[in-house]
Amino acid sequence: MTLNVSHLSVHHGAIRAINSLSLAIPTGALAAVIGSNGAGKTSLLRAISGLNQASHGKISWMGKSILGDKPEILVRKGISHVSEGKSVIPELTVKENLELGAIWRRDKKEMIETLDLVVSIFPRIGERLAQRADTLSGGERQMLAIGRSLMSKPKLLLLDEPSLGLAPLVVEQIFQTIRELTTSMRLTVVLVEQNAMGALRIADLGIVLNLGKVVAVDHAQALIDDPAVRAAYLGY
Amino acid sequence: MQLLNTILIGITAGSIYSLMAIAFVLVWRSTRVINFAQAGMALLSTYFGYEAVTRIGSFWIALPIAMLGGAIFSALVEVILMRVLVKHSSSGPIAAVAPIIATLGLLGLIRSVIAMIWGGQDLRILPPVSNNGFTVNGEVLVFSPLKLLILITTLILMALLTLLFQRTNLGLSFRASAYAPEIARLSGVRVDLIRTLGWALAGAAGAVAGVFQTVNGNGNFSPDSIEFSLLLVSGFIAAVIGGLDSLLGAVIGGMFLGLTISFILMYVSSGLFFIAPFVVLLLVLFIRPQGIIGVKVGRRA
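Residues numbered from 1 in each chain as written. Chains lettered and ligands numbered in written order. Predicted model: local features only at pLDDT ≥ 70, side-chain atom pairs only at ≥ 80, totals over all residues.

(A) Structural context of the overall build of chain A. In terms of helices and strands, chain A carries 10 helices and 10 strands. In terms of overall dimensions, chain A is globule-like: its C-alpha atoms have a radius of gyration of 17 Å, near the 18 Å expected for 236 residues. Projected onto its principal axes, the C-alpha coordinates of chain A cover approximately 45 × 40 × 30 Å. Evaluated residue by residue, chain A yields a buried proportion of 47% over its 236 residues. (Helix = DSSP H or I, 4+ residues; strand = E, 2+ residues; numbered from the N terminus. Rg over C-alpha atoms; globule rule 2.2 N^0.38 Å. Buried ≥ 20, exposed ≤ 12 C-beta atoms within 10 Å, placed from the backbone.)

Structure representation (structure tokens):
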């Protein structure tokens, strides 16, 4: 198991967002985390990436505790978080947004190689390198956000609602890309999604959260077939 | 010739205001605080410069020493004072404005400490070249070799700052941290360090503004120097005109203010020296409250 979370609790003031939550995600798996609004999905991701402080519990990555590490340190350990919304900096150019993802690296040559790789994955981003990021469409921005994250050559990718606010066709495309990247770049991915069906379809593992706890873990396909999960989260 | 003279005086003064405005903008962008102590820091740096120039004798060695002193002092203020105050600033109405009030307190504190160390009397920094105006066709201008040198030096410093911000990784870290600190952190930028460096750069820019404001005047300065109050007001106004968020805006704001004041003094009345900057500020706030190239709030939502 690459990512291990045990008995994790996260508080926002008096509100308990995550309540003694435990889960484990194996290397190379694409895990979809689903659940209704306020189930704690975003809080979980933000705790793993160091943006939220845990009040209790343990998080370990590749056998070492990462609890209390800051995000700027974790990205150096291979953990990259694409936060909610189209997480790009509109005032910067597309190329600067990508370069930002590799900014902590000293090696300029490696940065250029990674840039070429990202451009080959997202050719539409490659055509717009000199443009400001706020000229991109919603789908392109999401690709840019994922591209920036890939620039750090992550091992663990944390994605928070990449489908948010996108047209169905674009959502389909983003999900397919995430699936392909997981396999081709040998990533471990935690995908938090409101679009439960779309996420489970591409995922290996499905995790259902409710009120800050894990209420179901199974193969993604098994969750899709589970009548209770269908009724509660998939809407049919 | 009078017109050219007015323009040149205007952009020289404007370049000094621009440096001060840059200091305001750098601090605002990194910490969202208006640093009213900026004038005190510039004054303290000018004392550093004075010490260096009396010991070493060279203005051009004293200037970088003043900049370094200003940068270190400013960075210390951020680390020791601001970091704590800003951390608490979400816990109520007083805490929210506490950092800004604190800079006002710091301004008074710096001036008092300076008076304790150096005394309240006027000290003097001699300009490196003559401040006697150029003579063109037998006509003596106000524009002088010193003003030319100030103008060239400020323009070089601004060009260097632009290169730093637009062409280097450090510059990209500065911009990313200002626009979106969370995304910057997730990308591996040490935002706390960048914030301190932003204050340090502001301290250096303010130091140059302070030294130049002094030599561009009569060379005299003291803890309650009116020149530094003017510098504070002009730099602040220039930064606001420029939208408070933009380095280019700070330069445009400074030049605009310098030229406007220069024209008013030359063609209307030199008695308007203390009134003109405020009239300009009020007019700009009435006509374009977001500043000349400031952004409208809510654009990013």
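(B) Examining the interface of chain A and chain B more closely. In this assembly, 21 residues from chain A lie in contact with 16 residues from chain B. For the side of chain A that touches chain B, the element with the highest residue contribution is helix 3 (residues 94-101) of chain A, accounting for four residues. Class assignment of the residues belonging to the side of chain A that touches chain B gives a composition of nine nonpolar, six polar and six charged. (Contact = placed C-beta atoms within 7 Å. Nonpolar A, V, L, I, M, F, W, Y, C, P; charged D, E, K, R; others polar.)

(C) Focus on the environment of A:Ala102. All names here are of chain A. As for its position among the elements, Ala102 is in the loop between helix 3 and helix 4 (108-121). With 25 C-beta atoms packed within 10 Å, Ala102 lands in the buried category. Taking the C-alpha atoms as reference points, Ala102 and Ile112, separated by 10 residues in sequence, lie 9.5 Å from one another. Once residues lying within four places of it in the same chain are set aside, the contact partners of Ala102 are Met111, Thr114, Met151 and Ser152.

(D) Seen up close, helix 4 of chain A. All names here are of chain A. Between its first and last C-alpha atoms helix 4 spans 20 Å; for 14 residues at 1.5 Å apiece the expected length is 20 Å, and the two agree. Those residues of helix 4 that fall on the buried side of the exposure criterion are Thr114, Leu115 and Val118. Looking straight down helix 4, one finds its buried side chains confined to an arc of 105 degrees; they lie on one side. Turned more than 90 degrees from where helix 4 packs its buried face, Lys109, Ile112, Asp116 and Ser120 sit exposed. Here the buried face of helix 4 lies against helix 3 and helix 6 (138-150). (Expected span 1.5 Å × (residues − 1). Arc of directions from axis to C-beta.)

(E) Spotlight on unusual backbone geometry. All names here are of chain A. Even without glycine at this site, His7 takes up a positive phi of about 50 degrees. With respect to the secondary-structure elements, His7 resides in strand 1 (residues 3-12). Looking at His7, the number of C-beta atoms within 10 Å reads 12, which means it is exposed.

(F) Molecular detail of the environment of B:Ser144. Residues and elements named next belong to chain B. Within the element layout of this structure, Ser144 appears in the loop between strand 3 (139-140) and helix 5 (145-167). Assessed through the 21 C-beta atoms surrounding it within 10 Å, Ser144 is described here as buried. Sequence spacing of Ser144 and Gly253 is 109 residues, and the spatial spacing of their C-alpha atoms is 23 Å. Setting aside residues up to four positions removed in sequence, Ser144 forms contacts with Ser130, Asn131, Asn132, Gly133 and Phe134.

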